[in-house]
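Single-letter residue listing:
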Amino acid sequence: MTVVKLSSGGLLIYSAVALTDAGFAELERLGKPEIIVVPQPFHVMDLAFYKQKYPQLKVLGPKQGEEFNGVRVEADVVAVLKDANVTASLAPGLKNPEVHLKIQVPGGYALCVCDIFAGENCYAQGIGASIFKWMLGTSNDGFGIAKIVKWRQIADKAAVKTWALGLADDTKLKMVLVCHGEPFTGDAAAALREAAAVL
């Protein structure tokens, strides 16, 4: 889950995950939840919980009118999210649309993605987790495109590769925030070229 402070002072929540009472108290100290973004159909488990807890939340997603767990997407996030701190786009070449956020940070921006990239420490420890990671994780055990994403979610490898290489050339990209694993704050250009090479 990623939380972004909007220019209004309210909060945007991306790929919502239910929190403990202490976690929700900390969230609300940051600001009032205003927008919840459904990044793609595989990340909706706690959407209804958030909408019940915060009825005022505006639900944005890839396509207006879609419904997930009884919650309707009110508007197309790319069309309506025009905040000074964050904008949205859709990644090309995927079987299901995946919303990405471009979040302003000092010196450039952070790219927030859902499944297209995974970060380090994406899997638990132990023999079972090691086997799972070997079968389905990234080829380098760190930042990259997981094997399961290549098989299950990518429709056009060439389009995704071109997009990733374009990101690698963007000197304003300072970090990549992922839903699975740790944020990537290293050499984004090299990491994205390595990720693209597996396609």
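Below, the structure is looked at part by part. Being a predicted model, the structure only gives us computed values, none of them experimental.

Quick look at the overall build of the protein
- If you tally the helices and strands in the protein, you get seven helices and eleven strands.
- By the burial criterion, 45% of the 199 residues in the protein qualify as buried.
- A sequence separation of at least 24 residues applies to 53% of the contacts in the protein between residues at least 6 apart.
- For the protein, the exposed area adds up to about 9800 Å²; of that, 55% sits on carbon and sulfur atoms.

Observations concerning helix α7 (residues 188-196)
- Among the residues of α7, those classed as buried are A188, A191, L192, A195 and A196. The arc enclosing the buried residues of α7, seen along the axis, measures out at 135°, which places them on a common side.
- In this structure, the buried residues of α7 make contact with α6 (157-168) and β11 (173-177).
- Here α7 starts with a cap whose side-chain oxygen sits 3.3 Å from the backbone nitrogen of A189, and that cap is D187.

Re the sheet that holds strand β7 (residues 75-76)
- If you trace the five strands from one edge of the open sheet to the other, you get β1-β2-β3-β4-β7, paired in mixed fashion. In this open sheet, the two edge strands, each paired with only one partner strand, are β1 (2-5) and β7.
- With respect to the sheet, helix α1 (residues 21-30) is in contact with β1, β2 (11-14) and β3 (33-37), its orientation differing from that of β2 by roughly 135°.

Observations concerning the nonpolar core
- Counting residues in hydrophobic clusters, the biggest one holds 27 residues, and the most contacted among them are I116, F117 and W163.
- For this core, the secondary structure elements donating two or more residues are β10 (108-112), α6, β11 and α7.
- Aside from chain neighbours lying at most four places away, what touches W163 is A91, P92, H100, L111, I116 and F117.
- Residues L81, A88, L101 and C179 belong to the second largest nonpolar core, which totals 20 residues.

Remarks on the sheet that holds β11
- Taking strand neighbours across the sheet as the criterion, the four strands line up as β8-β9-β10-β11 in an open arrangement whose pairing is mixed. The two strands at the open ends of the sheet, each matched to only one other strand, are β8 (86-90) and β11. The average angle at which neighbouring strand axes cross in this sheet is 25°, direction not considered.
- Direction of pairing for β8 relative to strand β9 (residues 99-105): antiparallel, over a ladder of five bridges. Paired with V86 across the strands is I103, a residue of β9.

Here's the deal with the pattern of salt bridges
- Going through the model one piece at a time under the given rule, you end up with three salt bridges.
- When the shortest N-O distance is used, the salt bridge between E74 and K51 registers 3.5 Å. Of this pair, E74 sits in the loop between β6 (71-72) and β7 while K51 sits in helix α2 (residues 47-53), placing them 23 residues apart in sequence.
- A relative accessible area of 29% places E74 in the partly exposed class.
- We classify K51 as partly exposed; its relative accessible area is 22%.

A short note on the environment of L19
- Among the structural elements, L19 can be located in the loop between β2 and α1.
- It is 9.7 Å that separates the C-alpha atoms of L19 and D46, two residues lying 27 residues apart in sequence.
- Those residues in contact with L19, other than ones at most four positions away along the chain, are M1, F24, L27 and Y50.

Quick notes on the rules
Residues numbered from 1 in each chain as written. Predicted model: local features only at pLDDT ≥ 70, side-chain atom pairs only at ≥ 80, totals over all residues. Heavy atoms only, no water. Helix = DSSP H or I, 4+ residues; strand = E, 2+ residues; numbered from the N terminus. Buried < 20%, exposed > 50% of the residue type's maximum accessible area, 1.4 Å probe, protein only. Contact = heavy atoms within 4.5 Å. Areas by Shrake-Rupley, 256 points an atom, 1.4 Å probe, with all protein chains shown as cover. Arc of directions from axis to C-beta. Polar contact = N/O pair within 3.5 Å; in protein donor to acceptor, adjacent residues only side chain to side chain. Pairing = 2+ DSSP bridges. Axes fitted to C-alpha atoms, helices over the stretch in contact; angles between N-to-C directions. Core = buried A, V, L, I, M, F, W, Y, C linked by side-chain atoms within 4.5 Å. Salt bridge = Lys/Arg side-chain N within 4 Å of Asp/Glu carboxyl O.

Geometric descriptors of this kind do not, in isolation, establish any biological role.
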